[in-house]
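Summary of structural features
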Amino acid sequence: MIRIEKLKKVYRTEDVETTALNEVDITINQGEFVSIMGPSGCGKSTLLNILGLIDNPSGGAYHFLDHEVSKYSERQRSMLRKNNIGFIFQSFNLIDELTVFENVELPLIYTKVSSRDRKTRVEEVLERMNMMHRRNHFPQQLSGGQQQRVAVARAIVNNPKIILADEPTGNLDSANGNDVMKTLVHLNDEGATIIMVTHSQFCAEFGNRIIRMLDGQVVTENLLSKAARL
Amino acid sequence: MLQNYFKVAYRHFWKHKVHLLINVLGLGIALASCVIAYLSWKFDHDFDHFHTRGEQIFRVVSIKKDNLQAFGVCPAPLAAAAKAEVSGVQDALILEFRNAVISNGKDTDRERISFTENAFFEWFDFPLLSGQIRLDDAATAVISEALAIKYFGTSDPVGQILTIYPDQPFQKQLLITGLLKDTPVNSSIQYELLTSVENMYNRDNAQVNLKDWTYLTDATFLMLKNPEDQERVSRYLEAYLPVQNQMHSDWQIEKFALQPLNTMAHHADDLRWNALGQSLPPSMVWGMTLMGILLLLTASLNFTNMSISLSGRRLKEIGVRKVIGGSRKQLIWQLLMEGLLISLIALGVGLLFTDWLLPRYNQMWTFVDLHLVFTQNLPLVAFLIAVLLTTTFIAAAYPAFYISGFNPTGIFRGKVKFAGANLFSKILLGAQVGISTIALVAGFAFTRNAEFQKNADIGFQREGIQAIRIPDEQTFRVMEANARQHPQVQAVAGVRFHIGDSAPRIEVKFKDKKQEVEFMPVGENYLEVMDIQLLSGRSFDYQLSTDFTESILINEKFADLYFQDGDPLGQQLTLFDTLRYNVVGVVKNFIQDNFHDPIRPLVLTLTKPDRFGYLVIKTQSADMLEVRDHLSVAWKKDFAQMPFEHYFQDDFLASSLKTNTNIQYIFSVFALIALLLSMTGLNSLVSLNLLKRLKEVTIRRILGARPSQIAYLLSAHFLIVAFIGLAVGGLIGLKLSEMLLNSIYQVHVGVTYFSLLVAGIVVVIVAFLTISRSIVQAITANPSDALNND
């Protein structure tokens, strides 16, 4: 599903050149739940952004659903992104001016789903996330856990082939964090491919593979048994 | 999608409603100024355009041989001759005017009577409201609605009688046969009562002979078969020059020129002896346009600044939209639509404001009548759409195109700090402060000029002076005696053309040089009553009979122009080709008409009561009303058949002062709005800068920075930009004020750096007050809060 080869990302300022990713090779298959770990600054979020097509690599190859996308324009990336990828962020990134319902509805608007279908699908996912009773609330009226459940709902409303989660529990207490992780496992069980960046070993172990990074490189990859996640 | 955009826009605006309100009001007022500027331009452009046969109609003007000056008058027989003999001329028409007394038996006043023929109404589209037009019958007249109301109130004027010239032996009763709609204000031809040319009398009270080449009509029109024949027809008219010049030896014409009806009002200012109206003063049209553009620019720039600063708080939304599938194009559209929405609301506010303002604006100027009418007014609708789109583009394009280009990764990492402190915002701020300063400087320049007009030494006594227009010597004698009877009257005098009542211009010959000068025959005591000062020589001696026929006074201007090398005293001047006068004295310059007109070379001769046109009365200022009432009662007793035409001296200067006060008022409002907008912009920038640098400011405070250092840190960049704007705007303002004063007034106070200084002080004080809240907030906030919130 995803294959990257010798992927590089270099940030340049006037005086300094920082290599965020240094010839990274990773392959992720459909249905996997991959956790990416590593200390701050190791390049894991950069990797996730490139995988999520919201950033371009400086070098190497990126095959996404059999397309070589590393040289894609923003427009092409946007097309692929909105049809195939759902995002979950540490700081939720809900739009403050939109209600819960409208936030979740937004990806469907961009993919031109009809109004009636949008309503059905949004209500479906909100029901699933147990957020239906908060559908007309604004993000600032919700707790952190609730906001992240809305963000998850928004990420999955389009039935994406892949869900990218950047520290999804980073701003949550342990109970809410656990809830979110269980939701992700559940989605994975239903067939969604999940790639998650985390600092937490506890959260990482909800996945079935852990990739550890250091200084822009993959240092280890561990497969986890199904028993370990449960 | 659109619904989503509107929803977000609405909630976003509601969150920042104070900002939005200021911007919408600012934009609304700016758009209202633009609409008024457009309406003024259109009103001016459409002068005389409402006549369906207008393109075929031309006015004949005479170019005089000696000075090549164009005159609105034309020899009377030319019309008939051209109609009969000149190929290409389909028809010809004359139009004459007299300011004459008319009466309905009860009310009497001096009105403007127009003399013409029935054909006038076939040429021009002046609608008849009731009755009929029978100008071929010299015993009839048609009148305007305004005159009908004045003399007949609400009763039907058709069938009523008006007497023209009731004060003259040839008075005549006219039957009113028709009621005409009032003339539009932007019509060169303005009428109140129209009657047959047969009712015209000349100065010697004889009926006018239209076959007399020495008689000059006020306006001669030709209707050409083909408008393109204009040049050819004017050449053909040259055939009449020999006969005219032979018959009228002291009025030699070089050529006749044809002015198209549709554009003649715009050239009327260059015409002498022009009895028709003229278009708006150009300074009014371009002044309003410039003001509209500058105000719109200020408001749009403020809007841009607001959008930029608020965009900083919307970066997350932009990032999220991009990540979940929104394309850049969609984001650009979203932001442009928001801009359009605000512009639309502002346009609504602007139109409401225009609707409220227009009647007040029309009241300010007698020569303007603007209306906001949308039906069948495609140009206005097109203008509004163009302004709307331009405003949207200026205001929203930069944020839309710039912000939509941000990379979401940068936004989510917090790398994008976009809070309105970039170079573009600073340039916008500088431009706004500059525009505000322009308006302030102009406002102060006109305030100074108003003071000048009220208090300046204008060369004569204006306090306590009033005048009555008198038709003949007998009236003068009676009213003079009445005036002298009143104990508060200090002095009286007679004059042919009183100061303020445009004196005629005549030719004066000095040696071989001919010069046009103003001619003012004054009576005994006039110079003393008006306190006109003598600079050299002597004044008139009323005991000397030769002073009435041989002595002349000139003003300083005349002396400076023609006697630079020698003493004018004793020099001989020839007036009216044959009358020789010796210069016996030079008087100090004085304003002859009002501040709009220059001080012109002037000659004063001594004249007797049979030539007087005014009785001038001097009192203490406090006694003026009492004396006026006394004279009014006396007039009504003895001369009830004639209107009591009374003026206070200040009435003559009132129009100059009113123009100045109006412009001063307009600039003050303009300055206030522009300043409010630019200071809102400054406040946004400084408070956003504080927000962005709160952590830095807090750390500096913990490390011991003084409040002044914090204030400097937060505001220095903006204040430097504001000062540059102030300096540039101030200099432009000075230049602009000088140009505007020059274009309106021939006599004015001029501009000095004082206006710039005062404007500068105002801007600096307001700017400091504006940013002080943010600064105080920065230096009084609890440091731990700031660090915890970061």
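Residues numbered from 1 in each chain as written. Chains lettered and ligands numbered in written order. Predicted model: local features only at pLDDT ≥ 70, side-chain atom pairs only at ≥ 80, totals over all residues. Heavy atoms only, no water.

1. Section: the nonpolar core
All names here are of chain B. This is how it is decided: To form a nonpolar core, buried Ala, Val, Leu, Ile, Met, Phe, Trp, Tyr and Cys residues must be joined to one another through side-chain atoms within 4.5 Å. Only protein chains enter the calculation, and the probe is 1.4 Å; a residue is then buried if its accessible area is under 20% of its type maximum, exposed if over 50%, and partly exposed in between. What counts as a helix is a DSSP run of H or I of at least four residues, what counts as a strand is a run of E of at least two, and both are numbered from the N terminus. By the convention used here, residues are in contact when the closest approach between their heavy atoms is within 4.5 Å.
Formed by 120 residues in total, the largest nonpolar core has its most connected members in Y361, Y526, I532, L604 and F670. Of all the elements, helix 20 (residues 649-692) adds the most residues to this core, at 15 residues. Contacts of I532, omitting those with residues within four sequence positions, involve G459, F460, I499, Y526, L527, V587 and F590. Membership of the second largest hydrophobic core comes to 49 residues, among which are A79, L174, M200 and W213.

2. Remarks on the domain arrangement of chain B
Residues and elements named next belong to chain B. Heads up, the rule is: Each domain's extent is set by a domain assignment, obtained either automatically or from a database. A quick way to say it: buried area is the sum, across both parts, of accessible area lost when two parts are put together, with a 1.4 Å probe.
In terms of domains, chain B is made up of domain 1 (1-47 + 281-418), domain 2 (55-270), domain 3 (427-454 + 654-790) and domain 4 (465-653). For domain 1 versus domain 3, the separation of C-alpha centres amounts to 23 Å. When the two sides are added together, the surface that domain 1 and domain 3 hide from each other amounts to roughly 2,400 Å², 77% of it contributed by carbon and sulfur. Contact with domain 3 buries surface across domain 1, with T298, N305 and M364 losing the most and accounting together for 22% of the total.

3. Considerations on empty space enclosed by the protein
All names here are of chain B. Here is the rule we go by: Any residue with an atom within 4 Å of a point lines the site, the site being either a cavity, points on a 1 Å grid over the protein atoms alone where a 1.4 Å probe fits but cannot get out, or a pocket, an open set with protein on both sides within 12 Å along at least 5 of 7 lines. Grid points are joined across faces, edges and corners, and a volume is the space filled by probe spheres set on the points. Residue polarity is assigned by list, with Asp, Glu, Lys and Arg as charged and Ala, Val, Leu, Ile, Met, Phe, Trp, Tyr, Cys and Pro as nonpolar; anything else, Gly included, falls into the polar class.
Enumeration according to the criterion identifies eight cavities of 30 Å³ or more in this entry. By volume, the largest cavity amounts to about 180 Å³. Ranked by the residues each element gives to the lining of the largest cavity, the list is headed by helix 9 (residues 282-311), at five residues. As a volume, the second largest cavity reaches approximately 80 Å³. Only helix 9, helix 14 (423-455), helix 20 and helix 22 (707-744) provide two or more residues apiece to the lining of the second largest cavity. Residue contributions to the lining of the second largest cavity peak at five residues, all from helix 9. When its residues are assigned to classes, the lining of the second largest cavity shows ten nonpolar, two polar and no charged. Of the domains in this structure, domain 1 (1-47 + 281-418) and domain 3 (427-454 + 654-790) are the two that each give at least three residues to the lining of the second largest cavity.

4. A word on the interface of chain B and chain A
Convention followed: For this document, the term salt bridge refers to a Lys or Arg side-chain nitrogen within 4 Å of an Asp or Glu carboxyl oxygen.
At the interface, 23 residues of chain B touch 24 residues of chain A. For the pair chain B and chain A, the summed buried surface comes to about 2,400 Å²; carbon and sulfur atoms form 56% of the total. It is R11(B), V323(B) and I324(B) in chain B that bury the most area against chain A; as a group they hold 25% of the surface buried on that side. In this structure, D96(A) engages K316(B) in a salt bridge whose closest nitrogen and oxygen atoms are separated by 3.5 Å.

5. Considerations on a nonpolar patch on the surface
All names here are of chain B. Rules: Surface patches are defined over residues having more than 30% relative accessible area and no salt bridge, joining like charges when they lie within 9 Å and nonpolar side chains (Val, Leu, Ile, Met, Phe, Trp, Tyr) when within 5 Å. Note that accessible areas follow from Shrake-Rupley with a 1.4 Å probe, and for residues the cover is restricted to the protein chains shown.
Judged by side-chain polarity, F374, L378, V381, I385 and L389 come together as a nonpolar surface patch covering roughly 470 Å² of accessible area. Structurally, the position occupied by L378 is in helix 12 (residues 378-403). You can call L378 exposed: its relative accessible area is 66%.

6. Things to note about the pattern of salt bridges
For the structure on display, the rule yields 31 salt bridges over all chains. Taking the shortest distance from any N to any O, the salt bridge between R12(A) and E17(A) comes out at 3.0 Å. Across the pair, E17(A) and R12(A) agree in class, each one exposed. A salt bridge links E480(B) to R484(B), with the nearest nitrogen and oxygen atoms 2.9 Å apart. On the criterion of helical spacing, the pair formed by E480(B) and R484(B) is a turn pair, its members being four residues apart in helix 15 (residues 473-485). Note on R484(B): relative accessible area 49%, which makes it partly exposed. One continuous salt-bridge network, built from bridges that share partners, spans E32(A), R209(A) and E221(A).

7. Brief notes about the packing of helix 9 of chain B against helix 12 of chain B
Residues and elements named next belong to chain B. The test is simple: A fitted line through C-alpha atoms represents every axis, and for helices the fit uses only the stretch in contact; the resulting angles, taken between N-to-C directions, go from 0 to 180 degrees. Here the word oblique covers every angle except those under 35 degrees (roughly parallel), over 145 (roughly antiparallel) and from 65 to 115 (roughly perpendicular). Handedness of a helix crossing follows the sense of rotation of the near helix relative to the far helix, less than a right angle counterclockwise being left-handed and clockwise being right-handed.
The N-to-C vectors of helix 9 and helix 12 enclose an angle of 25°; their axes lie 9 Å apart at closest approach. The angle between the axes of helix 9 and helix 12 places the two elements in the roughly parallel class. Judged by the sense of rotation from one axis to the other, the crossing of helix 9 with helix 12 is right-handed. Touching L296, L297, S300, L301, F303, T304, S307, I308 and S311 of helix 9 are V387, T391, I394, A395, Y398, P399 and I403, all from helix 12. For the contact of helix 9 with helix 12, a count of residues per class yields eleven nonpolar, five polar and no charged.

8. What to know about the side chain of S188(B)
Residues and elements named next belong to chain B. Filter applied, for reference: Pairs of N or O atoms within 3.5 Å make up the polar contacts considered here, provided that, within protein, one atom can donate a hydrogen while the other can accept it, and that residues adjacent in sequence are counted only when both atoms are side-chain atoms.
Position of S188 relative to the elements: it lies in the loop between strand 9 (172-180) and strand 10 (193-196). The exposure class assigned to S188 is buried, which follows from its relative accessible area of 2%. Within polar-contact distance, the side chain of S188 engages the side chain of D48 at 2.4 Å.

9. A closer look at the sheet that holds strand 8 (residues 193-197) of chain A
All names here are of chain A. Quick note on the threshold: Any two strands with at least two DSSP bridges between them are considered paired.
Spatially, the six strands line up as an open sheet ordered 6-7-8-3-9-10, and their pairing is mixed. A single partner strand is all that each edge strand has here, and the edge strands are strand 6 (85-88) and strand 10 (217-223). Across this sheet, the average inter-strand angle for adjacent strands is 15°, counted without regard to direction. With four bridges connecting them, strand 3 (residues 33-37) and strand 9 (residues 209-214) associate as parallel partners. Bridging across to strand 9, S35 finds its partner in I210.

10. Here we look at helix 12 of chain B
Residues and elements named next belong to chain B. To keep things clear, this is the line we draw: The span one expects for a helix is its residue count, reduced by one, times 1.5 Å. We define the bend at each residue as the angle formed by axes fitted to the 7 residues ending at it and the 7 residues starting at it.
For helix 12, built from 26 residues, the straight-helix expectation of 38 Å at 1.5 Å per residue is met to within 8% by its first-to-last C-alpha distance of 36 Å. Most pronounced at A396, the bend in helix 12 amounts to some 50°, and the proline P399 follows within four residues. Restricting attention to buried positions, one finds in helix 12 the residues L380, L384, V387, L388, T391, T392, A395, A396, A397, P399, A400 and I403. For helix 12, the elements touching its buried residues are helix 2 (17-45), helix 9, helix 10 (315-323) and helix 11 (328-364).

11. Concerning the packing of aromatic side chains
Residues and elements named next belong to chain B. Put simply, the test is: Each aromatic pair joins two rings of Phe, Tyr and Trp (for Trp, the six-membered one) with centres within 6.5 Å, and gets the label stacked for planes under 30 degrees apart, edge-to-face for over 60, and tilted for any other angle.
Following the criterion strictly, the structure yields 39 aromatic pairs over all chains and no others. Between F120 and F126, the aromatic rings sit 5.6 Å apart at their centres with planes inclined by 10°, giving stacked as the arrangement. Judged by relative accessible area, which is 0%, F120 ranks as buried. With 6.3 Å between their ring centres and 20° between their planes, W213 and Y240 make a pair best called stacked. Here the residue W213 occupies a position in the loop between strand 10 and strand 11 (216-217), and Y240 occupies one in the loop between helix 6 (230-236) and helix 7 (241-247), the gap between them amounting to 27 residues. We note that W213, like Y240, is buried.

12. Details of helix 2 (residues 74-84) of chain A
All of the buried residues in helix 2 of chain A are R77(A), S78(A), L80(A), R81(A), K82(A) and N84(A). Elements in contact with the buried residues of helix 2 of chain A: strand 4 (59-64), strand 5 (67-68), strand 6, helix 3 (100-110) and strand 7 (162-166) of chain A together with helix 10 of chain B.

13. Overview of the confidence of the model for chain B
Segments scoring low in pLDDT should not have their predicted coordinates read at a detailed level. Our working rule: Scored from 0 to 100, pLDDT records how confident the predictor is in each individual residue.
Per-chain confidence: chain B averages 88 in pLDDT, with 97% of residues scoring 70 or above. For this predicted complex, the interface score ipTM comes out at 0.75, while the overall pTM is 0.78.

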